[in-house]
Amino acid sequence: MLKKISWLSTTLLLLTYATYGWLYARWAVVIIKHGNLFYWVLEENIIASLLYTLGIFWVLLISIAFTAPIALMTISLNSWLKSEARAFLLIFIGALAFALIVQWLEVFVEFFILLAAGILVKLDLQTAGYSRSRATLILVFLCLLGFGSGVFAFYTWGLKTVQ
């Protein structure tokens, strides 16, 4: 039975992922036309397959792993903070992560926008009474649908804009 969910957050998620799909496809087309992926000279169809597989993996990672319950994250951090050496290492890794975030701010802003939209829909789904696993499956489907529609829209209408 279909339960009532917020269409505002669902529409926001679809538009966010569609925009990301459009931007990702525009970036991928530039890489494909260049014919060089990480300094590997490959055929265009192989590069396209690798890039879109990477994009789908990224969407799945954001929609599944990063919207996991906070309890899983705190359990893993509590076990790490039992000794001073591990705490120091965690602080060092945190400082390195902060430096990378500042250096690549545009990438992390895109990541946090996608993450926020996913968390909002997952909270709406769980508030509507869906179980965690069913909410995650619906979220994955909606994220992939938005990403795919953005890529499709780019190849339909935006391909002429790439030079």
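For the structure itself, look to the data block above.
In this text the structure is predicted, and so the values were computed from the model without any measurement. (Residues numbered from 1 in each chain as written. Predicted model: local features only at pLDDT ≥ 70, side-chain atom pairs only at ≥ 80, totals over all residues. Heavy atoms only, no water.)

Asks: Sorry, what's going on with the overall build of the protein here?
Replies: Secondary structure summary: the protein contains six helices and two strands in total. Starting at the N terminus and ending at the C terminus, the protein contains elements arranged as α-β-β-α-α-α-α-α. Counting only carbon and sulfur atoms, one obtains 74% of the accessible surface of the protein, whose full area is about 11,200 Å². (Helix = DSSP H or I, 4+ residues; strand = E, 2+ residues; numbered from the N terminus. Areas by Shrake-Rupley, 256 points an atom, 1.4 Å probe, with all protein chains shown as cover.)

Asks: I'm lost on the packing of aromatic side chains in this one. Help?
Replies: The geometry of an aromatic ring pair is captured by the separation of the ring centres together with the interplanar angle, meaning the angle of the planes. Counted according to the given criterion, the structure contains ten aromatic pairs. Here Phe154 and Tyr155 contribute two aromatic rings whose centre-to-centre distance is 5.7 Å and whose plane-to-plane angle is 80°, an arrangement assigned as edge-to-face. Taken together, the ring pairs in this structure connect Tyr20, Trp22, Tyr24, Trp27, Tyr52, Phe147, Phe154 and Tyr155 into an aromatic cluster. (Phe/Tyr/Trp six-rings, centres within 6.5 Å; stacked < 30°, edge-to-face > 60°.)

Asks: So what exactly am I meant to see when it comes to the packing of helix 1 (residues 7-34) against helix 5 (residues 105-127) here?
Replies: Each pair of packed helices can be described by the angle between their axes along with the distance between the axes. Across the interface, helix 1 lies against helix 5 with an axial gap of 9 Å and an inter-helix angle of 150°. As judged from the angle between their axes, helix 1 and helix 5 are roughly antiparallel. Here helix 1 runs over helix 5; the crossing is left-handed. Residues Ser9, Thr10, Leu12, Leu13, Thr16, Tyr17, Tyr20 and Leu23 of helix 1 pack against Glu110, Ile113, Leu114, Ala117, Gly118, Leu120, Val121 and Asp124 of helix 5. (Axes fitted to C-alpha atoms, helices over the stretch in contact; angles between N-to-C directions. Parallel < 35°, antiparallel > 145°, perpendicular 65-115°, else oblique. Left-handed = near helix turned anticlockwise from the far one by under 90°. Contact = heavy atoms within 4.5 Å.)

Asks: How should the nonpolar core be read in this particular structure?
Replies: If you look at soluble globular proteins, the nonpolar side chains tend to sit buried side by side. Ranked by size, the top nonpolar core spans 31 residues in total, and within it Leu13, Tyr17, Leu51 and Tyr52 carry the most contacts. In terms of residue count, the dominant contributor to this core is helix 1 (nine residues). (Core = buried A, V, L, I, M, F, W, Y, C linked by side-chain atoms within 4.5 Å. Buried < 20%, exposed > 50% of the residue type's maximum accessible area, 1.4 Å probe, protein only.)

Asks: What's the story with a nonpolar patch on the surface in this structure? I'm lost.
Replies: On the surface, Phe88, Leu89, Phe92 and Ile93 cluster together to form a nonpolar patch covering roughly 420 Å² of accessible area. Along the chain, Phe88 falls in helix 4 (residues 84-103). On the basis of relative accessible area, Phe88 is assigned to the exposed category, the value being 59%. (Patch = residues over 30% accessible without salt bridge, like charges linked within 9 Å, V, L, I, M, F, W, Y side chains within 5 Å. Salt bridge = Lys/Arg side-chain N within 4 Å of Asp/Glu carboxyl O.)

Asks: Could you clarify how one ought to interpret the environment of Val162 in this entry?
Replies: For Val162, the location among the structural elements is in the segment after helix 6 (132-158). Val162 gets classed as buried once you look at its relative accessible area, which sits at 11%. Residues Val162 and Arg26 lie 136 residues apart in sequence; the distance between their C-alpha atoms is 7.0 Å. Excluding residues that lie within four positions of it along the chain, Val162 makes contacts with Arg26, Val29, Val30, Lys33 and Phe154.

Asks: Even after reading the chapter, I still don't get helix 1, so can you show me in this structure?
Replies: In an α-helix, one turn spans 3.6 residues, which is why side chains three or four residues apart end up on the same side. For helix 1, with 28 residues, the first-to-last C-alpha span of 40 Å sits near the 40 Å given by 1.5 Å per residue. By the N-cap criterion, in which a side-chain oxygen at the helix start approaches the backbone nitrogen of a residue two or three places on, helix 1 is capped by Ser6, the distance to Leu8 being 3.5 Å. Of the residues one or two after helix 1, Gly35 is the one with positive phi, at around 75°. (Expected span 1.5 Å × (residues − 1). Polar contact = N/O pair within 3.5 Å; in protein donor to acceptor, adjacent residues only side chain to side chain.)

Asks: Help me understand the side chain of Ser9, please; the structure alone is not making it clear to me.
Replies: Position of Ser9 relative to the elements: it lies in helix 1. For Ser9, a relative accessible area of 3% puts it in the buried group. Sequence-distant contacts of Ser9, defined by excluding residues within four places in its chain, comprise Leu120, Val121 and Asp124.

That is the geometry; function is a separate question.
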